[in-house]
Amino acid sequence: MRYLHIVSLCIYSPIFLNMKRLVCLLILASFSNFLFSQTDDSKVRVIMFGAHPDDCDQGGGGTAALFASMGYAVKFVAVTNGDAGHQTDGGPTLAKRRFAEAQEAGKRFGVTYDVLDNHDGLLMPSLDVRLQVIKKIREWYADIVIAPRPNDYHPDHRYTGVLVQDAAYMVAVPNIEKGTPALKKNPVFMYFQDYFQRPNPFRPDIAIDISKTFDQKINALDAHVSQFYEWLPWIGHYSEEVPAGHAERIKWMSKREDIPITPEVRKALQKWYGQDAGNSVQHAEAFEICEYGAQPNAEQLRRLFPMLPKN
Ligand SMILES: [Zn+2]
């Protein structure tokens, strides 16, 4: 409001008439720094939502670690407590184990990690959970919100996508979830990369070079022992591949997570980093802009993702 007030003064006061254009331009230029920042220091705040306590880590962990290393605040939220994802454990015992793993992973990424107490495998896009999501986004004063697309194979992932889409716009409506003040600006909502083709393939609007934080990402994924060394290999029928020793496990995971960069993501890397630098990126994470939140232009995206090279 402060800035809008100054801008209107600038436009209407006769004192400024002669220099109106110049002053307005200067003020608008500084105002634009705050376009997507909910807080006064203009440092963007990031929140990522996953269905389970390891989803954000995989989809956005490298980017989160880059933000964190630059002093930006990042929060991961698991919308379910993960109490179903195991072949022998389950219920509160598993939820407790997964919570501890998430906290350890959060430490290794340099982010805070919240786990909502909704059951794994049973998530519904209900009003109750929508309000939980709205509350988390508001409490974090989020400028960037990242979630799965709502066309994923797993119903919990799908409904996490729906729930976050349903929160877009509503986070700025004061009469909804009155206990937590509404955000003054609608954040930018984005999707994690996926490989699903229907109804439309993922579109990499932005791609981040995570080569520098790839090892850190692997080290953080390693904290989710129940998932990456137990449950996922069991359900995927590759348990016999999992090494026993820690160093061997890290090496094994690095190889598994060394996912080839798709031609579309490579193009996005060339766009954001330049042809040569974009071609030499080893590891990347990409995001698509959701139509329901703020719609940043290229210059604003560079401000939102300060690890990108300046133009
Ligand atoms: Zn998941």
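Up top you'll find the structure we're talking about.
What counts and how
- Residues numbered from 1 in each chain as written.
- Predicted model: local features only at pLDDT ≥ 70, side-chain atom pairs only at ≥ 80, totals over all residues.
- Heavy atoms only, no water.
- Salt bridge = Lys/Arg side-chain N within 4 Å of Asp/Glu carboxyl O.
- Helix = DSSP H or I, 4+ residues; strand = E, 2+ residues; numbered from the N terminus.
- Buried < 20%, exposed > 50% of the residue type's maximum accessible area, 1.4 Å probe, protein only.
- Pairing = 2+ DSSP bridges.
- Axes fitted to C-alpha atoms, helices over the stretch in contact; angles between N-to-C directions.
- Contact = heavy atoms within 4.5 Å.
- Donors = N, O, S within 2.8 Å, 3.2 Å for Na, K, Ca; no water.
- Tetrahedral: all angles 85-135°; square planar, octahedral: opposite > 155°, others 65-115°.
- Expected span 1.5 Å × (residues − 1).
- Arc of directions from axis to C-beta.

Peer 1: Can you help me understand the pattern of salt bridges in this one?
Peer 2: Pairing is possible between side chains of opposite charge, provided their charged atoms come close. The tally for this structure, following the rule as stated, stands at 17 salt bridges. Across the pair Arg149 and Asp194 runs a salt bridge, and its minimum N-O distance is 2.7 Å. Separated by 45 residues along the polypeptide, Arg149 in the loop between strand E4 (144–147) and helix H6 (155–167) and Asp194 in the loop between strand E5 (188–192) and strand E6 (206–209) bring together distant segments of the chain. Of the two residues, Arg149 and Asp194, both sit in the buried class. Note that Lys217 is salt-bridged to Glu285, the shortest N-O span being 2.6 Å. With Lys217 in helix H7 (residues 214–221) and Glu285 in strand E7 (residues 284–289), this residue pair connects regions lying 68 residues apart in the sequence. Taking relative accessible area as the criterion, Lys217 reaches 7% and is therefore assigned buried. Take Glu285: its relative accessible area is 3%, and that puts it in the buried class.

Peer 1: I'm lost on the sheet that holds strand E3 (residues 112–115) in this one. Help?
Peer 2: Sheet strands pair via backbone hydrogen bonds, and the direction of the pair is either parallel or antiparallel. A sheet is described by the order of its strands in space; here seven strands give the open sequence E3-E2-E1-E4-E5-E7-E6, paired in mixed fashion. With one partner strand each, in any of the chains shown, E3 and E6 form the two edges of the open sheet. Averaged over all pairs of adjacent strands, the angle between strand axes in this sheet comes to 25°, irrespective of strand direction. Both strand E1 (residues 45–50) and E4 contribute to a ladder of three bridges, which runs parallel. Following the sheet pairing, Met48 is matched in E4 by Ile146. Sheet contacts for helix H3 (residues 55–69): E1, strand E2 (73–78), E3, E4, E5, E6 and E7; angle to E7, the most-contacted strand, approximately 100°.

Peer 1: I'm lost on the side chain of Asn118 in this one. Help?
Peer 2: Within the element layout of this structure, Asn118 appears in the loop between E3 and helix H5 (127–139). For Asn118, a relative accessible area of 12% puts it in the buried group. Not counting residues up to four positions away in its chain, the partners in contact with Asn118 are Val79, Thr80, Asn81, Leu123, Val129 and Gln132.

Peer 1: Please explain the environment of Phe287 as it appears in this structure.
Peer 2: On the secondary structure map, Phe287 appears in strand E7. Phe287 gets classed as buried once you look at its relative accessible area, which sits at 0%. Residues Phe287 and Ala207 lie 80 residues apart in sequence; the distance between their C-alpha atoms is 6.4 Å.

Peer 1: Sorry, what's going on with the coordination of the zinc ion here?
Peer 2: Reference geometry at the metal: tetrahedral coordination by four donors gives ideal angles of 109.5 degrees; octahedral coordination by six donors gives 90 or 180 degrees. The protein atoms donating to the zinc ion are His52 (ND1), Asp55 (OD), Asp55 (OD) and His157 (NE2), with metal-donor distances spanning 2.1 to 2.5 Å. For the zinc ion, the four donor atoms in the first shell make angles of 54 to 121° at the metal, so the coordination geometry reads as irregular. In the primary structure, the donors to the zinc ion are separated according to the pattern H-x2-D-x101-H. Of the two residues, His52 is situated in the loop between E1 and H3 and His157 in helix H6; the sequence distance between them amounts to 105 residues. There is no split in this pair, since His52 and His157 are both buried.

Peer 1: Just checking my understanding: could you explain helix H4 (residues 91–109) for this structure?
Peer 2: Because an α-helix completes one turn every 3.6 residues, residues spaced three or four positions apart along the sequence face the same direction. Its 19 residues place the ends of H4 27 Å apart at the C-alpha level, agreeing with the 27 Å of an ideal helix rising 1.5 Å per residue. Within the sequence span of H4, burial applies to Leu94, Ala95, Arg98, Glu101, Ala102, Ala105, Gly106 and Phe109. Mapping the buried residues of H4 onto a view down its axis gives an arc of 140°, with all of them on the same face. Exposed positions of H4 whose direction lies more than 90 degrees from the buried face are Pro92, Thr93, Lys96 and Lys107. Where the residues of H4 are buried, they touch H3, E2, E3, H7 and helix H8 (225–235). Immediately downstream of H4, the backbone of Gly110 shows phi near 85°, a positive value.

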